[in-house]
Amino acid sequence: MTILVEKHAGYRQITLNRPDRLNALTAEMGAVLLAALGEAQADGDCRAILLTGAGRGFCAGQDLSQVGSDLGGLLDGYNAVIRKLRSLEMPVVCAVNGVAAGAGANLALACDIVLAATSASFIQAFAKIGLIPDVGGTWFLPRLVGAARARALAMLAEPLSAERAAAWGLIWQAVDDDKLLDEAHALTVLLAQGPTIGLALAKRALDAAETNTLDEQLNLERDLQGEAAHNPDYAEGVRAFLEKRPPVFTGKR
Ligand code: LHQ
């Protein structure tokens with residue numbers, strides 16, 4: 001199986017599983033990954049996702065032994081995964097356990113919180129084979145690291161270390177290799193116990209901010225805050241604060 005799904009209390013771990021190819025992507029993997037994300041969303045008990053890769057790499061991008069020059073169909077498939085990750089109503093943590101290249105790098109960047117092993121690197125490998133950053137790369141990169149760094153990353157296709165990626169704001173944190181999975185699970189557990197609806201609304205607002213004016217965004221925040229305030233986790237959060245105890249969020253509407 002090229003995608004593994006493990007169910008944990010409150011969250012699912014999804015693992016890219018073609019370790020002998022550094023988890024290079026195929027159309028079939030894209031479709032199975034999309035289905036796995038859809039199933040997580042449909043499971044009312046699943047309140048967060050942890051995405052990682054098996055073996056020594058996270059994902060080496062498109063499997064170059066399975067590609068021709070008609071890339072549209074393939075990209076439609078992968079783009080559906082990116083759209084799904086962004087629209088999932090729960091946080092997605094990515095644990096980049098090793099090299100993340102090409103579409104594999106940008107798959108990681110589509111997740112909400114990215115941790116990477118210190119030995120991992122991010123490579124916008126596309127320029128090496130005459131392609132452009134895809135699956136959202138040209139959108140994510142300038143927003144995360146600014147135009148100057150985005151252009152150099154896209155044009156030079158040089159590996160960026162996990163530590164530099166964190167220093168540049170491309171990812172959340174670089175973590176010692178032997179602690180990566182433990183830390184990623186701990187973070188996912190924490191998020192899975194969070195106010196799921198509020199987190200999902202925050203995710204939606206942050207994405208909308210990429211194209212909204214301040215005026216539009218203020219209105220959107222007002223509307224989404226109105227929605228957030230009608231979910232039981234808000235009442236519980238306030239009650240717990242006043243009672244000086246930790247909140248117990250359910251993530252339910
Ligand atoms: C691979 C791959 C791979 C097949 C390692 N394919 N076998 C394009 C087209 C269509 C639509 C969607 O979007 C895209 C966008 C893209 O993703 S284009 C970018 C595609 N990816 C790349 O150009 C990266 C290619 N890989 C590499 O440059 C290196 O493998 C990296 C730097 C990732 C890792 O290097 P090493 O750690 O030295 O590992 P390796 O090169 O020895 O790889 C291990 C094995 O995995 C090896 O096979 P082998 O039989 O020799 O053990 C590689 O051939 C295979 N592999 N990436 N993308």
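Residues numbered from 1 in each chain as written. Predicted model: local features only at pLDDT ≥ 70, side-chain atom pairs only at ≥ 80, totals over all residues. Heavy atoms only, no water.

Chemist: Just checking my understanding: could you explain helix H1 (residues 27-42) for this structure?
Modeler: What sets the pattern is the α-helix's 3.6 residues per turn: residues three or four places apart point alike. Taking 1.5 Å of rise per residue, 16 residues should cover 22 Å, and H1 covers 23 Å from first to last C-alpha, within 8% of that figure. Buried within H1 we find Met-29, Gly-30, Leu-33, Ala-36, Leu-37 and Ala-40. Relative to the axis of H1, the buried residues are bounded by an arc of 125° and lie together on one face. In this fold, the buried residues of H1 make contact with strand E1 (3-8), strand E2 (11-16), strand E3 (49-53), helix H2 (72-87) and helix H3 (103-109). (Helix = DSSP H or I, 4+ residues; strand = E, 2+ residues; numbered from the N terminus. Expected span 1.5 Å × (residues − 1). Buried < 20%, exposed > 50% of the residue type's maximum accessible area, 1.4 Å probe, protein only. Arc of directions from axis to C-beta. Contact = heavy atoms within 4.5 Å.)

Chemist: Would you mind showing me how to read the domain arrangement of the protein chain here?
Modeler: Accessible area lost upon the coming together of the parts serves often as the stated size of an interface. The assigned domain composition of the protein chain is domain 1 (3-192) and domain 2 (196-242). Each partner contributes to the interface: domain 1 provides twelve residues, whereas domain 2 provides six residues. Carbon and sulfur atoms supply 48% of the area that domain 1 and domain 2 bury against each other, a total of about 830 Å² over both sides. In terms of surface lost to domain 2, no three residues of domain 1 exceed Arg-86, Glu-89 and Arg-143, which account for 46% of the buried area on that side. Joining domain 1 to domain 2, the criterion identifies three salt bridges. (Domains from an automatic or database assignment. Buried area = accessible area lost by both parts, 1.4 Å probe. Salt bridge = Lys/Arg side-chain N within 4 Å of Asp/Glu carboxyl O.)

Chemist: For this particular structure, what's the right way to read the side chain of Gln-217?
Modeler: Within the secondary structure, Gln-217 sits in helix H9 (residues 214-228). Its relative accessible area of 9% is what places Gln-217 among the buried residues. Within polar-contact distance, the side chain of Gln-217 engages the backbone oxygen of Ala-205 at 2.8 Å. Filtering out sequence-adjacent residues up to four positions away, Gln-217 remains in contact with Ala-205, Ala-208, Ala-209 and Asn-212. (Polar contact = N/O pair within 3.5 Å; in protein donor to acceptor, adjacent residues only side chain to side chain.)

Chemist: It is not clear to me how the nonpolar core should be interpreted in this structure. Could you clarify?
Modeler: As a rule of thumb, nonpolar side chains are buried together in soluble globular proteins. In this structure, Phe-58, Val-96 and Phe-122 are the most contacted members of the largest nonpolar core, which totals 60 residues. Ile-197, Ala-205, Leu-224 and Ala-228 belong to the second largest nonpolar core, which has five residues in total. (Core = buried A, V, L, I, M, F, W, Y, C linked by side-chain atoms within 4.5 Å.)

Chemist: Whenever I open this one, a nonpolar patch on the surface confuses me. Can you help?
Modeler: Taken together, the side chains of Leu-64, Val-67, Ile-129 and Leu-131 make up a nonpolar region of the molecular surface, amounting to roughly 330 Å² of accessible area. Secondary-structure assignment places Leu-131 in the loop between strand E8 (121-123) and helix H4 (137-145). (Patch = residues over 30% accessible without salt bridge, like charges linked within 9 Å, V, L, I, M, F, W, Y side chains within 5 Å. Areas by Shrake-Rupley, 256 points an atom, 1.4 Å probe, with all protein chains shown as cover.)

Chemist: What is the right way to look at unusual backbone geometry in this model?
Modeler: Glycine aside, a negative phi is what most residues show, and trans is what most peptide bonds show. The phi dihedral of Leu-22 is positive, around 55°, even though this residue is not glycine. Tracing the chain through its elements places Leu-22 in the loop between E2 and H1.

Chemist: Can you help me understand the site of the ligand in this one?
Modeler: Close to the ligand lie 25 residues; Arg-21, Ala-60, Gln-62, Leu-64 and Asp-134 are nearest. The side chain of Arg-21 places a nitrogen or oxygen atom 2.7 Å from an oxygen atom of the ligand. Residue Ala-60 places a main-chain N or O atom 2.9 Å away from a nitrogen atom belonging to the ligand. Taken by itself the ligand offers 1000 Å² of open surface, and the protein chains cover 66% of this. At the level of secondary structure, the elements contributing two or more residues to the shell around the ligand comprise H2 and strand E6 (99-101). Of all the elements, H2 adds the most residues to the shell around the ligand, at three residues. In terms of residue class, the shell around the ligand is made up of 17 nonpolar, three polar and five charged. (Near = heavy atom within 4 Å. Nonpolar A, V, L, I, M, F, W, Y, C, P; charged D, E, K, R; others polar.)

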